[in-house]
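The chain contents come next:
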Amino acid sequence: MCGIVGYAGRREAEPILIDGLRRLEYRGYDSAGLATVTGPEQMHVRKRSGRIASLVGHLRERPAPGCLGISHTRWATHGPATDANAHPHLSSDGRVAVVHNGVIENYEALKRHLQEHGIVFQSDTDTEVIAQLVAYHFDGGLMEAVCRTLPLLKGTYGLAVVSPDDPEMILGARLGSPLVLGVGAGEHFLASDPAALIGQTRDVVYMKDHQLCRITADEWQIYDRERTRVSASVHQIDWEVGDADKGAFEHHMLKEIHEQPQTLANAMRGRLDDSESTAHFGGLNVDNQQLRRANRIILTACGTSYHAALIGEYLIEEFAQLPVEVEYASEFRYRNPPIDHNTIVIAISQSGETADTLAALRESKRKGHLTLAICNVVGSTIAREADGGIYLHAGPEIGVASTKAFTSQVFTLGMLALHLGRLRHLSALQGARIIDQMLSLPALIEESLECDAQVQRIAEKYAHCSDFLFLGRQYLYPVALEGALKLKEISYAHAEGYPAAEMKHGPIALIDEHTPSVFLALKGAIHEKAMSNLEEVKARRGPVIAVATQGDTAIAAKADDVICVPDVPDYFQPLVAVIPLQLLAYHIARLRGCDIDKPRNLAKSVTVE
Ligand code: G6P
């Protein structure tokens, strides 16, 4: 949520900042801006509401010279997306420019105080108070002024500050919102997300809360809140430049949907152990005794990751027979449930930065629980703060609507369930069978993807509809929730996911000939019962799009449209069944002319509460 890029070096800053912002645009795209510094009293600020393209147009007319600068792409929290509210924000005297990600909760009180001292504000944002406060405390040194400002701020920030009065340096600070420092030769970078640095440097330093950093072309330093220099280790990013590009695909989302056979293969690489019929994870940091002692697991997450957690609940209960609860992180963080000390709390997050998930994790740690994280972004805050964890290795996910991260999360939860099961009552034979099934999944997902052209035709038939129901039972109920979420997010059609049998307690009232139901009716333990629910929809003249198992010829007589996916055991059905739902959302959104990779009002990584 909001992207920050800073550069201090010997090359022109503007193209580097714009390249970085483009890589972060998925985090927020309401407005964009930058400030470069070329010497005392020489700061060049350019900003525009709208996408980065409109900033680039503006820069063509008025380039921003210089080899040092900061930049920002915004997801609006305080004040609408206007030029005035775009970052960087300047102090009234023009001595300080700030870009900020996060929320300053006490900005109104601070603003009032500054206004009483005659300071005139130019924007509606919370960020402007930071710029004004730094200028207010400026007495020759930028570092000193920033250090006097930070303790006054309540809330969260990842921020970068420059001043023409201290023209060689950028200062960065972090509390609750991510910030990384990029190390190059004769140049240094700052970014809210390492993805911004792809193609510039692979060496990054992840900043911690309450830390401050100072970068110049030749040096970087990290300080704690007492302004004492602290050591920090440099990590290598293992992403390739091409990972974050669209390749031959029209959208990142479509590329990511088609990457799923590969991302699943990446998730399992080196983790499935034939000899012990189990899964192993390098970074779990929990010994088998601790895992055996666990008597309950809490999975906490937001959005699509929450839907993956719901499937994880079924998987862990089935393979390991351990009680599992799934909690929205935004609710869990404020509850005070009685949890005993043999409970493991697992935070699931693609970005590893979602504010609510991070807060839920911290709250659990505070109460003494063992915490684990399942994350995609290596080095992200949640990944670093958990006691141990598992990375998805799915590569950067750029499309705001999550797809490949979802299947990797579900699969990883399956591997974890297998591991937990093998420490309990799952036999070696059962473990071996599950591993065989897991190994065949990438090829089966490839087969699922073959429905693309057919799903496109179905999308053409229904793209005009304004309401959809998504129905499924057991393992397919969370998939129904996820299918509905995908459609809402990117096509703006109203969609509801429901347990198929629960539908008759309310949503059935919505069914008529204009309201299609997407029915997850794969062969399995309760197929017959799901089919009765399908009949209930048909009896009310509701159009039915069925997702069925290959070879199920009977269903064609009952549904208006049938999409077939490969036959897999019930517990792996979410992985093959979600593919047509991702594609359906994609094609409907495309036919409706929506901006698929950057849907309105959304952001990829939600770093505010
Ligand atoms: C945002 C994104 C969703 C995502 C959710 C949780 O709302 O738009 O796609 O599922 O955040 O994100 P996380 O990174 O924690 O999985």
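So, here is what we can say about the structure in this document. Small disclaimer: the values here were computed from a predicted structure and weren't measured. (Residues numbered from 1 in each chain as written. Predicted model: local features only at pLDDT ≥ 70, side-chain atom pairs only at ≥ 80, totals over all residues. Heavy atoms only, no water.)

Before going further, it helps to spend a moment on the nonpolar core. In terms of nonpolar packing, the biggest core is built from 100 residues, with I297, L299, I346, F411, F468 and F470 touching the most fellow members. Here this core gets twelve residues from one element, more than from any other, and that element is helix α18 (residues 573–591). Contacts of I297, omitting those with residues within four sequence positions, involve I316, L322, P323, V324, E325, I344, I346 and L420. If you look at the next biggest cluster of nonpolar residues, it comprises 31 residues, including A131, L133, C147 and A173. (Core = buried A, V, L, I, M, F, W, Y, C linked by side-chain atoms within 4.5 Å. Buried < 20%, exposed > 50% of the residue type's maximum accessible area, 1.4 Å probe, protein only. Helix = DSSP H or I, 4+ residues; strand = E, 2+ residues; numbered from the N terminus. Contact = heavy atoms within 4.5 Å.)

To continue, consider the sheet that holds strand β22 (residues 388–391). Across the sheet, which stays open at both edges, the five strands sit in the order β19-β18-β20-β21-β22 with parallel pairing between neighbours. Both outer strands of the open sheet, β19 (324–328) and β22, are each paired with one neighbouring strand and no more. The average angle at which neighbouring strand axes cross in this sheet is 20°, direction not considered. Alignment of strand β18 (residues 296–301) against β19, held across five bridges, turns out to be parallel. Residue pairing across strands places T300 opposite E327, the latter belonging to β19. (Pairing = 2+ DSSP bridges. Axes fitted to C-alpha atoms, helices over the stretch in contact; angles between N-to-C directions.)

Moving on, we get to the state of the cysteines. Within the structure shown, the criterion is met by zero disulfides. We note that C67 lacks a disulfide partner, and the nearest cysteine sulfur, in C213, lies 19 Å from it. C213 takes part in no disulfide bond, and the closest cysteine sulfur, belonging to C147, lies 11 Å away. Judged by relative accessible area, C213 falls into the buried class, the value being 0%. (Disulfide = S-S within 2.5 Å.)

This part covers the pattern of salt bridges. Summed over the entire model, instances satisfying the criterion amount to 25 salt bridges. Notably, a salt bridge pairs D209 with R174, separated by 2.8 Å at the nearest N-O pair. Highlighted residues: D209 in the loop between β11 (203–206) and β12 (211–215) and R174 in strand β8 (residues 170–175), separated in sequence by 35 residues. Overall, R174 belongs to the buried group, its relative accessible area being 2%. Salt bridges sharing partners connect three or more residues here, namely R174, D209, R362 and E385. (Salt bridge = Lys/Arg side-chain N within 4 Å of Asp/Glu carboxyl O.)

Looking now at helix α15 (residues 452–462). For α15, the complete set of buried residues consists of D452, V455, I458, A459 and Y462. In a view along the axis of α15, the buried residues occupy a sector of 120°, so they form one face of it. Buried residues belonging to α15 abut α6 (252–258), β23 (467–472), β26 (544–549), β27 (561–565) and α18. (Arc of directions from axis to C-beta.)

Further remarks concern the sheet that holds β26. Read from one edge to the other, the open sheet built from five strands follows the order β24-β23-β25-β26-β27, with strand pairing classed as parallel. Every interior strand has two partners, whereas the edge strands, β24 (494–499) and β27, have only one. When the angles between neighbouring strand axes are averaged without regard to direction, this sheet yields 20°. Judged from the five bridges that link them, β26 and β27 form a sheet pairing that is parallel. Residue pairing in the sheet places A548 in a bridge with C564 of β27. Relative to strand β25 (residues 517–520), α18 is tilted by about 165°, and along the sheet it contacts β23, β25, β26 and β27.

Turning next to the environment of Q260. Within the secondary structure, Q260 is located in helix α7 (residues 260–268). C-alpha of Q260 to C-alpha of K404: the two residues are 144 residues apart in sequence and 5.5 Å apart in space. With near-sequence residues (within four places) excluded, Q260 lies in contact with T403, K404, T407, I445, I579 and Q582.

This part takes up the pairing of strand β6 (residues 97–101). Looking along a regular strand, one sees the side chains alternate between the two faces of the sheet. Counting buried residues along β6, five of its five residues qualify, which places the element largely inside the surrounding structure. The two faces of β6 match: A97, V99 and N101 on one face and V98 and H100 on the other face are all buried. Bridge count between strand β5 (residues 89–90) and β6: two bridges; the pairing is antiparallel. Note that in β6 the partner of L90 across the bridge is A97. Here β5 folds back onto β6, and the loop between the two strands holds six residues, one of which, G94, carries a positive phi near 70°. The sheet contact formed by β6 and strand β7 (residues 157–162) spans five bridges and is antiparallel. If you follow V98 over to β7, its bridge partner there is V161.

Around the ligand, the surrounding shell holds 14 residues, and the nearest of these are S305, S349, Q350, S351 and T354. Between an oxygen atom of the ligand and a main-chain N or O atom of T304, the distance comes to 2.9 Å. Between T354 and the ligand, the recorded distance is 2.5 Å, taken from a side-chain N or O atom to an oxygen atom. When isolated, the ligand has an accessible area of 390 Å², and the protein chains bury 90% of it. If one sorts the elements of the shell around the ligand by residue count, helix α9 (residues 303–320) sits on top with three residues. (Near = heavy atom within 4 Å. Polar contact = N/O pair within 3.5 Å; in protein donor to acceptor, adjacent residues only side chain to side chain. Areas by Shrake-Rupley, 256 points an atom, 1.4 Å probe, with all protein chains shown as cover.)

To continue, consider the packing of α7 against helix α13 (residues 404–422). Here α7 crosses α13 at 35°, and the two axes come no closer than 9 Å. Once α7 is placed against α13, the crossing between them reads as right-handed. Mapping the contact onto sequence places Q260, T263, L264, A267 and M268 in α7 and K404, T407, S408, F411, T412 and M415 in α13. Residue composition of the contact of α7 with α13, by class: five nonpolar, five polar and one charged. (Left-handed = near helix turned anticlockwise from the far one by under 90°. Nonpolar A, V, L, I, M, F, W, Y, C, P; charged D, E, K, R; others polar.)

Next up on the list: the side chain of E313. Along the polypeptide, E313 turns up in helix α9. As a buried residue without a salt bridge, E313 has its nearest oppositely charged side chain in R296, at a separation of 9.8 Å. (Lys, Arg positive; Asp, Glu negative; His and termini not counted.)

Applying the stated rule across the entire model yields five aromatic pairs. Judged by centre distance (4.9 Å) and plane angle (80°), the ring pair of Y571 and F572 falls under edge-to-face. We note that Y571, like F572, is buried. Ring pairing ties together the aromatic residues F319, Y571 and F572, which thus form one cluster. (Phe/Tyr/Trp six-rings, centres within 6.5 Å; stacked < 30°, edge-to-face > 60°.)

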